[in-house]
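A look at the structure
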Amino acid sequence: MAEKTTKSFILRVDADTMNAIEAWAADEFRSTNGQLQWIITEALRKAKRLPKKKKGSNHEETEI
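Here we summarise the structure given alongside this text. (Residues numbered from 1 in each chain as written. Predicted model: local features only at pLDDT ≥ 70, side-chain atom pairs only at ≥ 80, totals over all residues. Heavy atoms only, no water.)

1. Focus on the overall build of the chain
When its secondary structure is counted, the chain shows 2 helices and 0 strands. Buried positions account for 9% of the 64 residues belonging to the chain. Here the chain has roughly 6,300 Å² of accessible surface; of this, 53% comes from carbon and sulfur atoms. (Helix = DSSP H or I, 4+ residues; strand = E, 2+ residues; numbered from the N terminus. Buried < 20%, exposed > 50% of the residue type's maximum accessible area, 1.4 Å probe, protein only. Areas by Shrake-Rupley, 256 points an atom, 1.4 Å probe, with all protein chains shown as cover.)

2. A few points about the environment of I21
On the secondary structure map, I21 appears in helix α1 (residues 15-27). Spatially, the C-alpha atom of I21 lies 9.8 Å from that of S31, the residues being 10 residues apart in sequence. With sequence-adjacent residues up to four places away left out, I21 is seen in contact with T32, Q35 and L36. (Contact = heavy atoms within 4.5 Å.)

3. A few points about the pattern of salt bridges
Evaluation of the coordinates by the stated rule reveals 2 salt bridges. For R30, the salt bridge is made with E28, and the minimal N-O distance between the two is 3.7 Å. Accessibility expressed as a relative area gives 40% for E28, which makes it partly exposed. Residue E42 pairs with R45 through a salt bridge whose shortest N-O separation is 2.8 Å. (Salt bridge = Lys/Arg side-chain N within 4 Å of Asp/Glu carboxyl O.)

4. Concerning the packing of aromatic side chains
For the coordinates displayed, the defined rule picks out 1 aromatic pair. Taking 5.6 Å as the distance between ring centres and 85 degrees as the angle between the ring planes, the aromatic pair formed by W24 and W38 counts as edge-to-face. Residue W24 is located in helix α1, and its partner W38 is located in helix α2 (residues 32-46); the two are separated by 14 residues in the primary sequence. Looking at W24, the relative accessible area reads 37%, which means it is partly exposed. (Phe/Tyr/Trp six-rings, centres within 6.5 Å; stacked < 30°, edge-to-face > 60°.)

5. Considering the side chain of Q35
Following the sequence through the fold, Q35 ends up in helix α2. Taking the relative accessible area as the measure of exposure, Q35 reaches 0% and is therefore buried. Those residues in contact with Q35 that sit more than four places away from it in its chain are I21, W24, A25, E28 and R30.

Next comes the structure, spelled out in structure tokens:
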């Protein structure tokens with residue numbers, strides 16, 4: 001199985017937006033970080049910006 005890597009970065013968000021994200025995360029039983037990851041992934045999916053998976057591969061790799 002391919003190893004997934006994550007990158008850390010600093011994100012500055014105004015207090016009202018952060019409060020809304022935290023409340024949404026609590027409603028969905030997610031951590032704030034998990035909620036932000038979900039929001040970003042959903043936005044990328046809807047915009048058709050997620051990298052495509054390689055065909056014929058048994059492990060998850062992506063083309064960029």
